[in-house]
Amino acid sequence: MFRPQIQKTRTLFVIAFINICLVVTVSNSLTYKEYDNVNLRYNSTQSMDRCIESIKDITDLRILEEDYYQTGLIGVKESQITTIFEEQNIDNILKSKIITTHPNFAAFMVLLFEEIGLQNGDSIVVSMTGSLPGANIALLSACNSMGLKPMIFSSIGSSSWGANKENLTWVHIEDHLYKNELIDFESIAISIGGENDLGDNISDEGIEIIESVIQKSIKNNKKIFINEEYLDESIKEKIKLLGNIEKYKAFVNIGGGASSLGQGIDKKFIKGGIISPLLKNEIQEIYYDTEKGNKYHDKFKESMAYGFLDNDIPFINIKNIGLLVSEYGMTYLKDRDLNKINKGLLFYEIERFNIKSIWFALIASILVSIIVGIYSHLQIKERMKEDEIDSIL
């Protein structure tokens, strides 16, 4: 019995299979919608990538296995200039250092700056330690990209896995990048860092190494060495260098500097990210140990950060990195593939379905139906001709 192609089970099965594949393709399709001013983020990551490549060229030290991206920015577990060494928390500390060495972290800094409304030409104050050299470079790259004007205070002391190699401290890194015009800014003042910003938790040998590095840097670059007898005096000296702080649009802290966050263990409990001036007094609530019922000694109100918050200037705290980036849904920053620079949720939002895929599937489905229909029509027409000939015969 004659049946045209469109009535054959095999043909119907093929058409159904093709349409199912098209539906699956459409249902799994995505649209990548770039954010406004995304070029600022692209530029920041490219700037940071150039800085990293340059740092890798100057270090004569073996890049450690722990340096996940092989950037040269991950230091050692312990050295003479190491300020904090917590064996029980060493994995989390290393993870934080690794995340900040990915160039995408520069785009993350741009995101934070945009969230508080910073614009080209704005002045900010930055306090950074040697603990997170990747975050330091990310910030400087973001400032380059956005046209910000940072007033920078640096300290050399570093916790484990930071810029804690005696011949590759944060000052060494900054001086090299500035000299080679990879960054537009350098610190206006340097301090030892560590406990009380005086290296009270560093050995005498370590302090001698740090002071030698500082003396060489300030001689070549006209920086100021802040080394007051007490922490509050160091803070006053830094504020004095800034002049009227009301002209600044933000205060940014990177690491756990005593000048920035206060003395003691209190700073461990201050959340990372953006802290609004409206929250300046609520921060103290986190100093209660709810399990033991103890209240930690409150030193945050004596810090630079609190001083800026008290003047209605927002505070960005770059600390507790793993938790910070996860709050923004960006844990992928620790992805080992450096080819994923400029890719991910920092640069575009992802929406279900892609209009091009939908149109492709619709046209493909219609074309298949039309082709089978035309072919079947020709078969029927040919069959009718044969029947006419047979009837005449």
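The structure reproduced in this document is the subject of the present report. Every residue gets a number counted from 1 within its own chain, in the order that chain's sequence is written. For a predicted model such as this one, the threshold for reporting local features is a pLDDT of at least 70, and the threshold for listing and counting side-chain atom pairs is 80 or more; totals across whole chains, interfaces and linings nevertheless cover every residue. Think of the side-chain values as coming from all heavy atoms in the structure, minus any hydrogens and water.

## Comments concerning the environment of Leu 148
Here's step 1: Residue position: Leu 148 is located in the loop between α5 (133-146) and β3 (149-155).
Here's step 2: Accessible area is worked out with a 1.4 Å probe on protein chains only. A residue is then buried under 20% of its type maximum, exposed over 50%, and partly exposed in between. By relative accessible area, which is 2% here, Leu 148 ends up buried.
Here's step 3: Considered as a pair, Leu 148 and Ser 123 are 25 residues apart in the sequence and their alpha carbons are 6.0 Å apart.
Here's step 4: Any two residues having at least one pair of non-hydrogen atoms within 4.5 Å are treated as being in contact. Setting aside its immediate chain neighbours within four residues, Leu 148 contacts Phe 113, Leu 118, Gln 119, Asp 122, Ile 124, Cys 143 and Phe 185. Only runs of H or I of at least four residues qualify as helices and only runs of E of at least two qualify as strands under DSSP, and these elements are numbered from the N terminus.

## Digging into unusual backbone geometry
Here's step 1: The residue Asp 312 is not glycine, and still its phi comes out positive at about 60 degrees.
Here's step 2: With respect to the helices and strands, the residue Asp 312 is situated in the loop between α10 (304-309) and β12 (315-318).

## Looking at the packing of helix α4 (residues 104-115) against α5
Here's step 1: Fitting a line to C-alpha atoms yields each axis, with helices limited to the stretch in contact; the angle taken between N-to-C directions then spans 0 to 180 degrees. Where α4 meets α5, the axes come as close as 8 Å, and the angle between the chain directions of the two elements is 60 degrees. Between α4 and α5, the crossing angle belongs to the class labelled oblique. Between α4 and α5 lies a crossing of right-handed hand. Residues Phe 105, Ala 106, Met 109, Val 110, Phe 113 and Glu 114 of α4 pack against Ala 135, Ala 138, Leu 139, Ser 141, Ala 142, Cys 143 and Met 146 of α5.
Here's step 2: Asp, Glu, Lys and Arg are counted as charged, while Ala, Val, Leu, Ile, Met, Phe, Trp, Tyr, Cys and Pro are counted as nonpolar; the rest, among them Gly, fall into the polar class. Of the residues assigned to the contact of α4 with α5, the class counts are eleven nonpolar, one polar and one charged. Note that the term roughly parallel is reserved for angles under 35 degrees, roughly antiparallel for angles over 145, roughly perpendicular for angles of 65 to 115, and oblique for everything else. Put simply, a crossing is left-handed when the front helix is turned counterclockwise from the back one by less than a right angle, and right-handed when it is turned clockwise.

## Things to note about the nonpolar core
Here's step 1: What is meant by a nonpolar core is a set of buried Ala, Val, Leu, Ile, Met, Phe, Trp, Tyr and Cys residues, joined one to another through side-chain atoms within 4.5 Å. Grouped together as the largest cluster of nonpolar side chains are 52 residues, with contacts concentrated most on Phe 105, Phe 113, Leu 139 and Ile 318.
Here's step 2: Of all elements in the fold, only α2 (38-58), α4, β2 (123-128), α5, α6 (170-179), β8 (251-254), β12 and α11 (321-327) reach the threshold of two or more residues within this core.
Here's step 3: Take this core: its biggest share by element is nine residues, from α4.
Here's step 4: Aside from chain neighbours lying at most four places away, what touches Ile 318 is Phe 105, Met 109, Leu 112, Leu 132, Ala 135, Val 252, Asn 253, Ile 254, Gly 255 and Leu 324.
Here's step 5: Listed in part, the 22 residues of the second largest apolar core include Val 125, Ala 189, Phe 251 and Phe 315.

## Regarding the packing of aromatic side chains
Here's step 1: Any two of the Phe, Tyr and Trp rings considered here, Trp counted by its six-membered ring, make a pair once their centres fall within 6.5 Å; the pair's planes then place it as stacked at under 30 degrees, edge-to-face at over 60, or tilted in between. This structure, assessed with the given rule, holds seven aromatic pairs.
Here's step 2: Summarising the aromatic geometry, the rings of Tyr 68 and Tyr 69 are spaced 5.4 Å apart at their centres and angled 75 degrees between planes, so their arrangement reads as edge-to-face.
Here's step 3: An angle of 35 degrees between the planes, with centres 5.7 Å apart, marks the rings of Phe 251 and Phe 315 as tilted. Taken together, the residues Phe 251 in strand β8 and Phe 315 in strand β12 connect sequence positions 64 residues apart.
Here's step 4: You can call Phe 315 buried: its relative accessible area is 0%.
Here's step 5: Members of the aromatic cluster, joined through ring pairs, are Phe 105, Phe 108 and Tyr 328.

## Focus on α6
Here's step 1: Counting buried positions over the ten residues of α6 gives seven, a clear majority of the element.
Here's step 2: Among the residues of α6, those classed as buried are Trp 170, Val 171, Ile 173, Glu 174, Asp 175, His 176 and Leu 177.
Here's step 3: Downstream of α6 by one or two residues, Glu 181 has phi in the positive range, about 60 degrees.

## Some points on the environment of Tyr 306
Here's step 1: If you trace the backbone, Tyr 306 turns up in helix α10.
Here's step 2: With 26 residues separating them along the chain, Tyr 306 and Lys 280 place their C-alpha atoms 6.8 Å apart.

## With respect to α2
Residues that lie three or four places apart on an α-helix share one face, since the helix turns once every 3.6 residues.
Here's step 1: Take the number of residues in a helix, subtract one, and multiply by 1.5 Å to get its expected span. Compared with the 30 Å implied by 1.5 Å per residue over 21 residues, the 31 Å span of α2 between its first and last C-alpha is a close match.
Here's step 2: If you check which residues of α2 are buried, you get Val 38, Arg 41, Tyr 42, Ser 44, Thr 45, Ser 47, Met 48, Cys 51, Ile 52, Ser 54 and Ile 55.

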